[in-house]
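Working through the structure, step by step
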Amino acid sequence: MQRQSNNELFRIVLMLGIIAHHFVVNSGLLGMMSPTLEHGNDVYLWLFGMWGKIGINCFVLITGYFMCSSSFTWKKFIKLVCEIEFYKILIYLGFILGGRENISGTRLFQLLSPVTDLTTEFISGYLVMFLLVPFMNVLIQNMSKYQHLSLIALSLLFFTIWDQFPSVVIPMGYPIWFCVIYIIGAYLRKYPIQNNLAHFFLDSPIGALIILVIAMGSVIIMLYFRQIGITSWWPHKWISDSNAPLAVLTSIALFNFFRRLNMKPNKWINTISASTFGVFLIHTSSDAMRLFLWGDVCKCTEWYYSPWLPLYAIIVVCGVYITCTFIDQLRIRCIEKPFFEKLFSQYVNN
């Protein structure tokens, strides 16, 4: 089935936002940025790097929306694991040869294990959630609309609203939260938003724009409050975690906006989008990659005081995306298609 180009364009936009987030948080710039806005580039960087968790939520929403009505297959899961391991091993070997990585038992275990951290590591959490998809789909298909909505409401009450109170501690790894987002994506697939207020903010272009402005405004307001001494909260307080209230609302609003875009199928968008997961795997493969990419290659911190930093940040993000896409397209064309699909066709024939 041909992919819908509006959703594929959304994937591309999301990955650009995630790379922008990593440009700020993995480059050393975050340690230089001042919440009291001591430098002119600070406001730009706080806004430029705010999209990481929103992007992660949106990718899981897409998964829930489409997979809730499709069948789980081991072929999909194995292809996912093989892609993950391919880049981990290849990049690790490259850094060993370059003298940037050492061989150790711990590092080899991390290399060979697809799941290493279920608290803050996206790939590990996503894989576990992926394995839970068949069970969640059974639950989703057998719930009434009221039960489905009640489950979402209870989940958001405890994991999003209740979690914001200072004295409340709710330990939650990515797999649990991703399951919540998956169930929300499934609800959006099964039931249209009927409440007028919710429909306006979460399922209309104007509402999406308003939510977007509110999310960005929350960062600016927090920066201002810190500057005048009202609060010591982090500027990304309402969007810095995947379960933060504005991160959830912004994710749903953006997802619905792109889902309703009327676009003709575009071969180029669909081809480029096929590598979004590969782009993520390549540029976040390890700490050594982060130091190499953002420190040695892009030298992000050296641009902190430059008036050209905003333009440079955009060029770097686009450059990283294009380079990683080119690498992943080579993998798809030279390795995955001729070998992986042939392997499964032989398995089916036998």
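Up top is the structure these notes are about.
Overview of the structure.

1. Here's the deal with the environment of Asn102
As for its position among the elements, Asn102 is in the loop between α5 (74-97) and α6 (105-112). According to the relative accessible area criterion, Asn102 is exposed, its value standing at 62%. Here the alpha-carbon distance between Asn102 and Trp46, two residues 56 residues apart in the chain, equals 34 Å. Contacts of Asn102, omitting those with residues within four sequence positions, involve Tyr92 and Arg107.

2. Some thoughts on the packing of aromatic side chains
Evaluation of the coordinates by the stated rule reveals 25 aromatic pairs. Arranged with centres 5.1 Å apart and planes meeting at 85°, the rings of Phe200 and Phe201 form a pair that is edge-to-face. Chaining the aromatic ring pairs together yields one cluster made of Phe72, Trp74, Phe77, Phe122, Tyr126, Phe130, Tyr174, Phe178 and Phe280. Sitting over the ring of Tyr65, Arg189 keeps its end group 5.1 Å from the ring centre. Between the NZ or CZ atom of Lys237 and the centre of the ring of Trp238, over which it lies, the distance is 5.6 Å.

3. What to know about the packing of α5 against helix α7 (residues 122-142)
Look at α5 against α7: their axes get within 11 Å of each other, and the N-to-C directions meet at 170°. On the basis of their axis angle, the class for α5 and α7 is roughly antiparallel. Between α5 and α7 the crossing geometry is left-handed. When α5 is examined against α7, the residues Trp74, Lys76, Phe77, Leu80, Val81 and Ile84 are found in contact with a partner set consisting of Ile123, Tyr126, Leu127, Phe130 and Leu131. Within the contact of α5 with α7, the residues separate by chemical class into 10 nonpolar, no polar and one charged.

4. Some points on the layout of surface pockets
Approximately 1600 Å³ is the volume found for the largest pocket. Lining the largest pocket are 40 residues, with Arg3, Glu8, Arg11, Lys79 and Ala274 positioned closest to its centre. At the level of elements, α1 (5-25), α4 (52-67), α5, α7, α13 (267-273), α14 (276-283) and α16 (309-349) are the ones that each hand at least two residues to the lining of the largest pocket. Broken down by element, the residue count for the lining of the largest pocket peaks at seven residues, all from α16. Counted by class, the lining of the largest pocket contains 15 nonpolar, 12 polar and 13 charged residues. Size it by volume and the second largest pocket reaches roughly 950 Å³. As for the second largest pocket, its lining consists of 39 residues, and the residues nearest its centre are Thr120, Glu121, Phe122, Thr284 and Arg290. Of all the elements in the fold, those that place two or more residues in the lining of the second largest pocket are α1, α4, α5, α6, α7, α14 and α15 (287-297). If you tally residues by element for the lining of the second largest pocket, the top one is α1, at four residues.

5. Some words on empty space enclosed by the protein
This structure, assessed with the given rule, holds one cavity of 30 Å³ or more. Taken as a whole, the largest cavity spans an internal volume of roughly 40 Å³. For the largest cavity, the full set of lining residues is Lys88, Ile91, Tyr92, Glu101, Arg107, Leu111, Ser285 and Ser286. Looking at the lining of the largest cavity, the elements with two or more residues in it are α5 and α6.

6. Section: the pattern of salt bridges
Counted under the stated rule, the structure contains 11 salt bridges. Taking the shortest distance from any N to any O, the salt bridge between Arg331 and Asp328 comes out at 2.8 Å. In this pair, Arg331 and Asp328 are both assigned in helix α16, three residues apart and thus about one turn of the helix distant. Within the structure, one salt-bridge network assembled from shared partners comprises Lys79, Glu83, Asp328, Arg331 and Glu336.

7. Notes on the side chain of Asn57
In this fold, Asn57 is placed in helix α4. Accessibility expressed as a relative area gives 0% for Asn57, which makes it buried. A distance of 3.0 Å separates the side chain of Asn57 from the side chain of Trp177, its partner in a polar contact. If sequence neighbours within four positions are ignored, Asn57 has contacts with Trp177, Ile181, Ser242, Ala247, Val248 and Ser251.

8. Examining the environment of Met129
Relative to the helices and strands, Met129 is located in helix α7. Along the primary structure Met129 and Thr119 are separated by 10 residues, whereas in three dimensions their C-alpha atoms are 13 Å apart. In this view, Met129 contacts Val60, Thr63, Met136, Phe178, Cys179 and Tyr182; residues no more than four positions away in its chain are not counted.

9. Considerations on the side chain of Asn7
Relative to the assigned elements, Asn7 resides in helix α1. Classification of Asn7 by relative accessible area gives buried; the value is 3%. When residues no more than four places from it in sequence are discounted, the contact partners of Asn7 are Phe66, Phe258 and Arg259.

10. Description of the state of the cysteines
The full count for this structure, using the stated rule, is zero disulfides. A disulfide-free cysteine, Cys298 has its sulfur positioned 5.0 Å from the sulfur of Cys300, the nearest such atom. Here Cys318 stays unpaired: no disulfide links it, and the sulfur of Cys298, its closest cysteine neighbor, is 12 Å away.

Definitions and cut-offs
Counting restarts for each chain, with residues numbered from 1 along the sequence as it is written. Thresholds applied to this predicted model are a pLDDT of at least 70 for local features of residues and 80 or more for the giving and counting of side-chain atom pairs; totals over whole chains, interfaces and linings are not thresholded and use all residues. Values shown for side chains rest on all heavy atoms present in the structure; no hydrogens or waters enter the calculation. In this description a helix means any DSSP run of H or I spanning at least four residues, a strand means any run of E spanning at least two, and both kinds are numbered starting from the N terminus. Burial status follows relative accessibility: with a 1.4 Å probe on protein chains alone, a residue under 20% of its type maximum counts as buried, one over 50% as exposed, and anything between as partly exposed. Any two residues having at least one pair of non-hydrogen atoms within 4.5 Å are treated as being in contact. A pair of Phe, Tyr and Trp rings is counted when the ring centres sit within 6.5 Å of each other, with Trp represented by its six-membered ring. The angle between the planes then sorts it: under 30 degrees is stacked, over 60 is edge-to-face, the rest tilted. Should the NZ of a Lys or the CZ of an Arg lie within 6 Å of a ring centre and within 35 degrees of the ring normal, that charge is described as sitting over the ring. Simply put, an axis is a line fit to the C-alpha atoms, just over the touching stretch for a helix, and the angle between two N-to-C directions goes from 0 to 180 degrees. Just so you know how the angles are binned, under 35 degrees is roughly parallel, over 145 roughly antiparallel, 65 to 115 roughly perpendicular, and the rest oblique. Should the near helix be turned counterclockwise from the far one by less than a right angle, the crossing is left-handed, whereas a clockwise turn marks it as right-handed. Ten residue types, Ala, Val, Leu, Ile, Met, Phe, Trp, Tyr, Cys and Pro, are classed as nonpolar, four, Asp, Glu, Lys and Arg, as charged, and the remainder, Gly among them, as polar. Throughout, the protein atoms alone are placed on a 1 Å grid, and a set of points is a cavity if a 1.4 Å probe fits but cannot get out or a pocket if it is open with protein on both sides within 12 Å along at least five of seven lines; lining residues have an atom within 4 Å of a point. Grid points are joined across faces, edges and corners, and a volume is the space filled by probe spheres set on the points. The rule for a salt bridge is simple: a side-chain nitrogen of Lys or Arg has to be within 4 Å of a carboxyl oxygen of Asp or Glu. Definition of a polar contact: a pair of N or O atoms within 3.5 Å, with one able to donate and the other able to accept a hydrogen when the atoms are protein atoms, and with sequence-neighbouring residues admitted only if both atoms are side-chain atoms. The disulfide definition used here is simple: a pair of cysteine sulfur atoms within 2.5 Å.

The analysis is restricted to geometry; functional conclusions fall outside its scope.
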